[in-house]
Amino acid sequence: MPGLLRGVARTAVVAGTATAVSNRVSRRQGERWASQGQAVYGRPAQYTPEPEPMPAPPPGGTDRITALKDLAELKAQGVLTEAEFEREKARILAS
């Protein structure tokens, strides 16, 4: 029986020591990375998401023509006044 207890005690000491050393190494490495501004646990020190790319402009003037036709339909239906129609038409043509 004393041999069994000695083996269990030795295993507990070795496992405890290994855990303590592993935790200390991890903590020191994390502090080192943080001081250098590097990634900690797979994340950059200062994460900024990339902005989404702008959509490509439509080719040619086909989109303008469609927008002007839609605008004319709204004016014909009475949704837009003459002033609103002219303002939006100028905006579409300027783009």
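Participant: Give me the lowdown on the overall build of the protein chain, citing residues and values where you can.
Facilitator: Looking only at helices and strands, the protein chain features 3 helices and 0 strands. N-terminal to C-terminal, the α/β element order of the protein chain is α-α-α. Counting only residues that meet the buried cut, the protein chain has 5% of its 95 residues in that class. Summed over its atoms, the accessible surface of the protein chain is roughly 8400 Å², and 60% of this surface lies on carbon and sulfur atoms.

Participant: I'd love a proper account of the environment of leucine 74, names of residues and values included.
Facilitator: Mapping leucine 74 onto the fold places it in helix α2 (residues 62-76). Overall, the relative accessible area of 33% leaves leucine 74 in the partly exposed class. A C-alpha to C-alpha distance of 8.5 Å links leucine 74 and phenylalanine 85, two positions 11 residues apart in sequence.

Participant: For the pattern of salt bridges, give the residues involved together with the corresponding values.
Facilitator: Taken as a whole and assessed by the stated rule, the structure comprises 3 salt bridges. The salt bridge involving lysine 89 is made with glutamate 86; its shortest N-O contact spans 3.6 Å. Taken together, the residues lysine 89 and glutamate 86, both in helix α3 (residues 82-94) and 3 residues apart, mark about one turn of the helix. Given the relative accessible area of 28%, lysine 89 is considered partly exposed.

Participant: Report on a positive patch on the surface, specifying residues and quantitative values.
Facilitator: Among the surface-exposed residues, Arg24, Arg27, Arg28 and Arg32 lie close enough to one another that they form a single positively charged patch. One can find arginine 24 in helix α1 (residues 2-36).

Participant: Requested: an account of the environment of alanine 67, with residues and values cited.
Facilitator: Here alanine 67 shows up in helix α2. Separated by 21 residues in the primary sequence, alanine 67 and glutamate 88 place their C-alpha atoms 9.6 Å from one another.

Participant: Requested: an account of the environment of alanine 72, with residues and values cited.
Facilitator: You can see alanine 72 is positioned in helix α2. Counting along the chain gives 17 residues from alanine 72 to lysine 89, while the straight-line C-alpha distance between them is 9.1 Å.

Participant: Before we move on, could you go through the confidence of the model for the protein chain and cite the residues and values that matter?
Facilitator: When pLDDT drops low, the exact placement of atoms in the prediction is not to be read closely. For the protein chain, the mean per-residue pLDDT works out to 76, and 74% of the residues sit at or above 70. For the protein chain, α1 is the element with the lowest average pLDDT, namely 77, and α3 is the one with the highest, namely 89.

The rules behind these values
- Residues numbered from 1 in each chain as written.
- Predicted model: local features only at pLDDT ≥ 70, side-chain atom pairs only at ≥ 80, totals over all residues.
- Heavy atoms only, no water.
- Helix = DSSP H or I, 4+ residues; strand = E, 2+ residues; numbered from the N terminus.
- Buried < 20%, exposed > 50% of the residue type's maximum accessible area, 1.4 Å probe, protein only.
- Areas by Shrake-Rupley, 256 points an atom, 1.4 Å probe, with all protein chains shown as cover.
- Salt bridge = Lys/Arg side-chain N within 4 Å of Asp/Glu carboxyl O.
- Patch = residues over 30% accessible without salt bridge, like charges linked within 9 Å, V, L, I, M, F, W, Y side chains within 5 Å.
- Lys, Arg positive; Asp, Glu negative; His and termini not counted.
- Charge placed at Lys NZ, Arg CZ, Asp CG, Glu CD.
- pLDDT = per-residue confidence, 0-100.

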